[in-house]
Amino acid sequence: MNVMIIGSGGREHTLAWKLAQSPRVSGLYCIPGNGGTQGIAKSADIAVNDFKALAGFVKEKNIEFTVVGPEIRLAEGIVDYFMEEGLAIFGPDRKSAQLEGSKVFSKNFMKNHNIPTAKFEVFEASAEAYSYIEKAGEDGFSVVVKADGLAAGKGVIVCDSKQEAVAGVKRIMEAREFEGAGDRIVIEEKLKGEEASMMAFCDGETIVSMVPSQDHKQVYDGDRGPNTGGMGAYAPAPVITKEVYKKVRTRVFDNFLKGIKKDNINFKGIVYAGIMVDKGEVNVLEFNVRFGDPETQVVLPLLKTDIVEILKAVMDGRLKDIDIEWDSRSCVCVVIASGGYPGKYEKGKLITGIAEADSIDNLNVFQAGTRKNGGIKNSGGRVLGVTGVADSLQGAIDLAYKGVSKIKFDDMYYRKDIGWKGILGGQASIS
Ligand code: AMP
Ligand code: GLY
């Protein structure tokens, strides 16, 4: 069968790589794709927000189903459009996508369905937000101010003083830094603890968890510096112990299922719960409605079951009928970025060593911001995800960094400590 992927990041290269391993897939398309997907999937010159043209392409190429990477297309309703055209597509519809696309919708959903999350208030005018901040006690004041919409992962401002909170409200609601996402804000209690990413398959009736993973959001070693799209990840993440997983299962996933049924949300796709774990207790920081990036790079290499079977079971509402098997080894992805990212950086530098790294056993180089143009060149902030699988977390770390050592381009930058929290932690489990 032919399958199409929408997107151009490391996540999409990983999806293409995994789909290409399925004996059922004979042709792959990735639109727009990147320098890495080009080796295994065809591209086409179609704008990814032109759903009519995409649907026409699917019909022309006899594509059996489409997998959507980025949240923005889901929020725009690509799934609704394809369904109306009678085309199979993996991902939640527009209504379901609000669980990621609107912080207010998502927080209210959690509150209404007893999903543990930070206490919060919603504001539609900056004056009310200022007065709320003003009236709060000074002692240990710390809040998180969130713009109510997709802001490319940037609309969340963590504040440790009243001045910072006021400045955050100003940036979102008055300076309109995130445009329409500044019509409303959520101000919530700042939580302490360690973060983990729990992705799961959901067909509206059943939720099946993937292995827990952990992202490294900050740009510098030791989790310092500004947040990025993710500088690396590893799985499984030991912070999700058996006991913690039980809480995620019952309080988060089971309540999520009850909630979507009660609210008539026809959710089919990936539920990604960003979890804060503190002394064994769990709180949901956010829901995403798609595969994480770079979490996908470390989770899919551990998936033993044919991914086509799973994606089709989700789309057909048969998830409870299939067994999903996971490799018990560890996987680590080190992101190589363009120097300067998440700020300004230069593009067009020639990258060497990808093939040499890729040829190492159990190692894959997933490409993100790359373009093929007389060789592979960097074209984005996050450029490559060098990903190793080994029996132990330390083994996977060593393997991934061995791959990194083969790769060179001017100004390349990567964190040297991906996986460190996992080494300090205990034994991970989802069973
Ligand atoms: P979100 O997009 O809502 O997950 O927020 C992005 C990042 O901001 C999270 O991954 C956390 O690092 C941080 N964050 C969000 N909400 C909170 C919170 N209530 N307490 C502490 N950190 C938070
Ligand atoms: N790694 C964070 C995300 O995919 O949103």
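Look above for the structure.
Residues numbered from 1 in each chain as written. Chains lettered and ligands numbered in written order. Predicted model: local features only at pLDDT ≥ 70, side-chain atom pairs only at ≥ 80, totals over all residues. Heavy atoms only, no water.

Turning to the overall build of the chain, a few remarks are in order. The number of helices and strands found in the chain is 14 helices and 22 strands. For the chain, the C-alpha radius of gyration of 21 Å lies close to 22 Å, the compact-globule estimate for 431 residues. Dimensions of the chain, computed from C-alpha atoms along their principal axes, come out at roughly 60 × 45 × 45 Å. The 431 residues of the chain split such that 58% are buried. Residue pairs at least 24 apart in sequence account for 70% of intrachain contacts in the chain once pairs closer than 6 positions are excluded. Surface summary for the chain: the accessible area is close to 18,100 Å², and the carbon and sulfur share equals 46%. Within the chain, the 58 negative side-chain charges are centred at a point lying 1 Å from the centre of the 55 positive side-chain charges. (Helix = DSSP H or I, 4+ residues; strand = E, 2+ residues; numbered from the N terminus. Rg over C-alpha atoms; globule rule 2.2 N^0.38 Å. Buried < 20%, exposed > 50% of the residue type's maximum accessible area, 1.4 Å probe, protein only. Contact = heavy atoms within 4.5 Å. Areas by Shrake-Rupley, 256 points an atom, 1.4 Å probe, with all protein chains shown as cover. Lys, Arg positive; Asp, Glu negative; His and termini not counted. Charge placed at Lys NZ, Arg CZ, Asp CG, Glu CD.)

On to the site of ligand 2. The full set of residues close to ligand 2 is Asp215, Gly229, Tyr272, Asn288, Arg290, Gly292, Asp293, Pro294 and Glu295. Interatomic distance of 2.8 Å between a side-chain N/O atom of arginine 290 and an oxygen atom of ligand 2. Protein contact buries 87% of the 200 Å² of open area that ligand 2 shows by itself. The residue makeup of the shell around ligand 2, split by class, is 2 nonpolar, 3 polar and 4 charged. (Near = heavy atom within 4 Å. Polar contact = N/O pair within 3.5 Å; in protein donor to acceptor, adjacent residues only side chain to side chain. Nonpolar A, V, L, I, M, F, W, Y, C, P; charged D, E, K, R; others polar.)

Our next topic: the pattern of salt bridges. Evaluated as defined, the whole model comprises 31 salt bridges. Here glutamate 188 makes a salt bridge to lysine 107, at a shortest N to O gap of 2.8 Å. Taken together, the positions of glutamate 188 in strand 8 (residues 185–189) and lysine 107 in helix 6 (residues 103–112) put the pair 81 residues apart, joining distant regions of the chain. One exposure class covers both glutamate 188 and lysine 107, and it is buried. Of the charged contacts in the structure, one is a salt bridge between lysine 261 and glutamate 205, with a shortest N-O distance of 3.0 Å. Taken together, the residues span a long stretch of sequence, with lysine 261 in helix 9 (residues 242–262) and glutamate 205 in the loop between strand 9 (194–202) and strand 10 (207–209) at a distance of 56 residues. It is possible to trace a salt-bridge network through shared partners that takes in Asp223, Arg415, Asp417 and Lys421. (Salt bridge = Lys/Arg side-chain N within 4 Å of Asp/Glu carboxyl O.)

The next subject is the site of ligand 1. Contacts to ligand 1 come from 14 residues, most closely from Glu188, Leu191, Glu195, Lys217 and Glu286. Between ligand 1 and glutamate 188 there is a distance of 2.6 Å, counted from a nitrogen atom to a side-chain nitrogen or oxygen. In isolation ligand 1 has 470 Å² of accessible area, and contact with the protein removes 89% of it. Contributing elements (two or more residues each) for the shell around ligand 1: strand 6 (143–147), strand 8 and strand 16 (281–288). Taken together, the residues of the shell around ligand 1 break down into 6 nonpolar, no polar and 8 charged.

Geometric descriptors of this kind do not, in isolation, establish any biological role.
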